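Each chain, written out:
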Amino acid sequence: MNENRVLFSSVFGPYGVRDEWGEELGMQMELLNNQVTRQQGVHSPRQSYLSFALYLLAENISVQSTVLDFPRWDDFTGELEHGYTHVAISFIVPNVLKVKRMAEHIRLHYPGVKIILGGYGTIIPDLEKIVPHDECCRGEGVRWFRKYFGDDQNAPIVHPVLKNPVYNYIYGMPSKSRGSAIFPGVGCENGCRFCITSHMFKKEHIPLLAGGREVFEVCQRAERKLGARNFMVLDENFLRHDKRARELLDEMTKSIRPYTFVTFSSAENIRRVGADFLVRLGISRIWVGVESKRNLHDKTKGIDLKELFKELRSKGIIVLASTILFHDHHDKDTIREEIDWVIDLDTDLVQFMNYHPWPTTPLYEDLDKEHRLKKVHYRHQHGAAELNFVHPNFQKPADHENYLRHAFRHNYERSGPSIVNMAKTALTGYLQAVKDYEERQAQGSSWNAELLRYEKNAMPVADPYMLERIKVMKNEAMRYFPSLLPALVFGPNARSRMKTLSVMRLYSKAMGRLKGTDILKSLVLTASAFVEFGRILISRVKGHEGIIRQPEVNRVEYPGDRSLKENPLPQGSFLLNAKCRVN
Ligand code: B12
Ligand code: SF4
């Protein structure tokens, strides 16, 4: 009988609160409010996501396990009383003191329990001196765990069906989570100099799902189980492997199931597959690393980013441009030019992040050789505060924090609330899709799945899949409508209010007379925005940048997949990363 029992845990909360073990700034368990719509106050959408790796790992081993996500300290220590042989903790670098506390507690009270560490935090070079542990996995975890427990490493991976986001607030109003998340693979082959998600996996893309058909099957399961029809795709460069994306589109087209996806892609890959393909595929939001005006990376070289983003937005694809501050070439003038440059790219959302040499990346190694790495405690290494290297033109730590804050503020004042941009893009895209569809029908054009473009035929060809997609686009556009009234009322300046008014006019022109329920939703959301605004003011008086929300603890038990034990252990064809064993 297999008597092992694993507890999979994330680090303990609260998150984004400064205490002995963690930081406030930059450390909220949220994406948008923390690093994209920061400084947008009441307009910032609030979402949190599960710690996906935990569920994936628990689902794919032969051993019985429990996932404990977002525990408070007492939840974690209470859970340990249930008796586990192994505790596996997933963490990132700035949470190292939280893992330290957890591991020391286990060593003190449960000395026989094995501690296994995994996730991006394992790149810390002197980890063994900080956190007591028995094993650590630096890389892909499913095959690592299967090897550890003597399971069949090559058995297909079962993708968990997970609710996403775990919470969702807009203008203070909670709404039901309508989506799910998919992680088709980890790592990226591009190996950009600074990129930890590429170097963590040794510049490889390691698939977790074999292809587009498997992605589609996960979507279908999520739809059956959760009613989900939109998906956050966590794959560093989803479009690079376009065979997978083509297969996914084929499957959706055959069964007329127009799911929508939010994903990451480099500009070069977007250019290669083209905007029409993305629209058919249902990419509703895309995250593109633009990094710098100087186009220092191959993925953006020779691409007119402004033109590319204009085209994507005209077709309804919400664009998030992500950029880095404090490149070596930045000084007081060029850093401001950089900020203006990215705002001028005119995307819906912008992420600003301070340049950060993570251990294992070529950037880190080069700076180490140049003796430019600074001793900044790991708890502060989250990309929103002091740089951990000596910058030629910015030495004061306060500058590192202030320029970043200023960048978010400046973007907000110039472009207004991002939610208005998103509404405009969604609506324009829907209208364009209708127009394009009608034109194609009139001209007799149809989709060539091989060449990824529309081509003229002798006769018009019905396109029922695209008709369904257009309905989805319309619903998506209407979802944004209620946000426009609070965006108008709380707009930061006259320019932003004019912009919101013009988007409101566009809606009434395009959608005709709006339904009473839509107007009612707008009014309710505006009332909620007043309450949220008050809450933000109170939290500012208390010295915080805004309200810090916390995800609730999530506990799931897994029976373990005994079939993984049935096959004798083959030497995995997948490269497993070196283990670091301590004590
Ligand atoms: C989703 C996400 C978040 C979510 C977190 C959700 C959550 N509940 O944890 C949100 C948006 C809230 C978030 C916030 C932050 N994040 Co974040 N986030 C990601 C993102 C985009 C995806 C992670 C993911 O789930 N991938 C899918 C899973 C399946 O893959 P995986 O996590 O890599 O897991 C695999 C292996 O790593 C391994 N593994 C993982 N855990 C474990 C555990 C064990 C025991 C074992 C054996 C193996 C193992 O096995 C898994 C399967 O192969 C990554 C970037 C990326 N593309 O990976 C950044 C990333 C992890 N985040 C990062 C950072 C820095 C942050 C923030 C500080 C904000 C910021 N400045 O970027 C905050 C901190 C929040 C906090 N309080 O902890 C960095 C971490 C860098 C580092 N070296 O530590 C990353 C890599 C982004 C980056 N490029 O800088 N983030
Ligand atoms: S393309 Fe993106 S994910 Fe890939 S290495 Fe470069 S920055 Fe990293």
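Calculation notes
- Residues numbered from 1 in each chain as written.
- Chains lettered and ligands numbered in written order.
- Predicted model: local features only at pLDDT ≥ 70, side-chain atom pairs only at ≥ 80, totals over all residues.
- Heavy atoms only, no water.
- Near = heavy atom within 4 Å.
- Polar contact = N/O pair within 3.5 Å; in protein donor to acceptor, adjacent residues only side chain to side chain.
- Helix = DSSP H or I, 4+ residues; strand = E, 2+ residues; numbered from the N terminus.
- Axes fitted to C-alpha atoms, helices over the stretch in contact; angles between N-to-C directions.
- Parallel < 35°, antiparallel > 145°, perpendicular 65-115°, else oblique.
- Left-handed = near helix turned anticlockwise from the far one by under 90°.
- Contact = heavy atoms within 4.5 Å.
- Buried < 20%, exposed > 50% of the residue type's maximum accessible area, 1.4 Å probe, protein only.
- Salt bridge = Lys/Arg side-chain N within 4 Å of Asp/Glu carboxyl O.
- Expected span 1.5 Å × (residues − 1).
- Domains from an automatic or database assignment.
- Arc of directions from axis to C-beta.
- Pairing = 2+ DSSP bridges.
- Phe/Tyr/Trp six-rings, centres within 6.5 Å; stacked < 30°, edge-to-face > 60°.
- Lys NZ or Arg CZ within 6 Å of the ring centre and 35° of its normal.

Overview of the site of ligand 1
Neighbouring ligand 1 are 43 residues; M27, S90, E140, E236 and H382 lie closest to it. The contact in question runs from a nitrogen atom of ligand 1 to an N or O atom on the backbone of L50, over 3.4 Å. Take G119: an N or O atom from its main chain is 3.4 Å from a nitrogen atom of ligand 1. Looking at the shell around ligand 1, the elements that each hand over two or more residues are α1 (32-35), α2 (52-59), β4 (86-90), β5 (114-118), α6 (141-148) and α7 (196-199).

Digging into the packing of helix α3 (residues 73-80) against helix α4 (residues 96-109)
Running from N to C, α3 and α4 cross one another at 30°; their axes reach a closest spacing of 11 Å. Between α3 and α4, the angle falls in the class roughly parallel. When you trace α3 past α4, the crossing you get is right-handed. Contact residues: α3 offers W73, F76, T77 and L80, while α4 offers R101, M102, H105 and I106.

Points about unusual backbone geometry
The peptide bond linking G13 to P14 adopts the cis configuration, its omega dihedral lying at 5°. When you line up the elements, P14 lands in the loop between β1 (5-9) and α1. Cis geometry marks the peptide bond from N164 to P165; its omega dihedral reads -5°. Residue position: P165 is located in the loop between β7 (163-164) and β8 (167-170). Despite not being glycine, I256 shows a phi value in the positive range, around 45°. With respect to the element layout, I256 can be found in the loop between α9 (242-254) and β14 (260-264). Take I256: its relative accessible area is 29%, and that puts it in the partly exposed class.

Remarks on the pattern of salt bridges
Going through the model one piece at a time under the given rule, you end up with 42 salt bridges. Taking the shortest distance from any N to any O, the salt bridge between R257 and E223 comes out at 2.9 Å. Placement of the pair is R257 in the loop between α9 and β14 and E223 in helix α8 (residues 212-226), with a sequence separation of 34 residues. Note on E223: relative accessible area 16%, which makes it buried. Between K315 and D436 there is a salt bridge; the shortest N-O distance is 3.7 Å. Taken as a pair, K315 in the loop between α12 (305-314) and β16 (318-325) and D436 in helix α16 (residues 418-443) lie far apart in primary sequence, 121 residues in all. When salt bridges with common partners are traced through the structure, they connect R38, E401, R405 and E545 into a single cluster.

With respect to helix α13 (residues 332-344)
Under the 1.5 Å per step criterion, the end-to-end length of α13 is 19 Å for 13 residues, consistent within 8% with the ideal 18 Å. Along α13, the residues classified as buried are I335, E338, I339, W341, V342 and I343. Structurally, α13 contributes buried residues whose contacts are with β15 (283-291), α12, β16, β17 (349-354) and α15 (397-415). Two to three positions downstream of the cap, the backbone nitrogen of D333 sits 2.9 Å from a side-chain oxygen, assigning the N-cap of α13 to D331. Just past α13, the residue D346 takes up positive phi, approximately 60°.

Observations concerning the domain arrangement of the chain
In terms of domains, the chain is made up of domain 1 (5-158), domain 2 (163-363) and domain 3 (420-512). Centre-to-centre separation of domain 1 and domain 3, based on C-alpha positions: 41 Å.

Notes on helix α14 (residues 362-369)
An α-helix turns once every 3.6 residues. As a result, residues three or four positions apart point the same way. Those residues of α14 that sit buried are L363, Y364 and L367. Angularly, the buried residues of α14 cover 100° about the axis, an arc narrow enough to put them on a single face. A positive phi of about 55° marks H371, the residue just after α14.

Some details on the pairing of β1
The buried fraction of β1 is high, at 4 of 5 residues. As judged from the 5 bridges shared by β1 and strand β3 (residues 64-69), these two strands associate in the parallel manner. Its bridge partner being in β3, F8 is matched across the sheet by V67. The pairing of β1 with β4 spans 4 bridges and is parallel.

Concerning the side chain of S522
Within the fold, S522 resides in helix α20 (residues 516-541). Those residues in contact with S522 that sit more than four places away from it in its chain are F481, P482, L485 and P486.

With respect to the sheet that holds strand β10 (residues 179-182)
Two pairing modes exist for strands in a sheet, parallel and antiparallel, and in both the strands are linked by backbone hydrogen bonds. Read from one edge of the open sheet, 7 strands run β7-β10-β13-β14-β15-β16-β17, paired in mixed fashion. The open sheet is flanked by β7 and β17, the only strands paired with a single partner. As paired strands, β10 and strand β13 (residues 230-233) are joined by 4 bridges and run parallel to one another. Residue pairing in the sheet places I182 in a bridge with V233 of β13.

Here we look at the sheet that holds β8
Taken in spatial order, the 3 strands of this open sheet run β2-β8-β9, and their pairing is antiparallel. In this open sheet, the two edge strands, each paired with only one partner strand, are β2 (46-48) and β9 (173-174). Sheet analysis places β2 next to β8, joined by 3 bridges and oriented antiparallel. The residue of β8 that forms the bridge with Q47 is N168.

Details of the packing of aromatic side chains
The tally for this structure, following the rule as stated, stands at 27 aromatic pairs. Each ring, one from F326 and one from Y403, has its centre 6.1 Å from the other, and the planes form 90°; the classification is edge-to-face. With F326 in the loop between β16 and α13 and Y403 in helix α15, this pair connects stretches of sequence that are 77 residues apart. Its relative accessible area of 0% is what places F326 among the buried residues. Ring-pair connections join several aromatic residues into one group, and the members of that group are F8, W144, F145, Y148 and F149. The cationic tip of R101 hangs over the ring face of W73; the distance from NZ or CZ to the ring centre is 3.7 Å. Above the ring of Y480, the side-chain terminus of R479 is found at 5.7 Å from the ring centroid.

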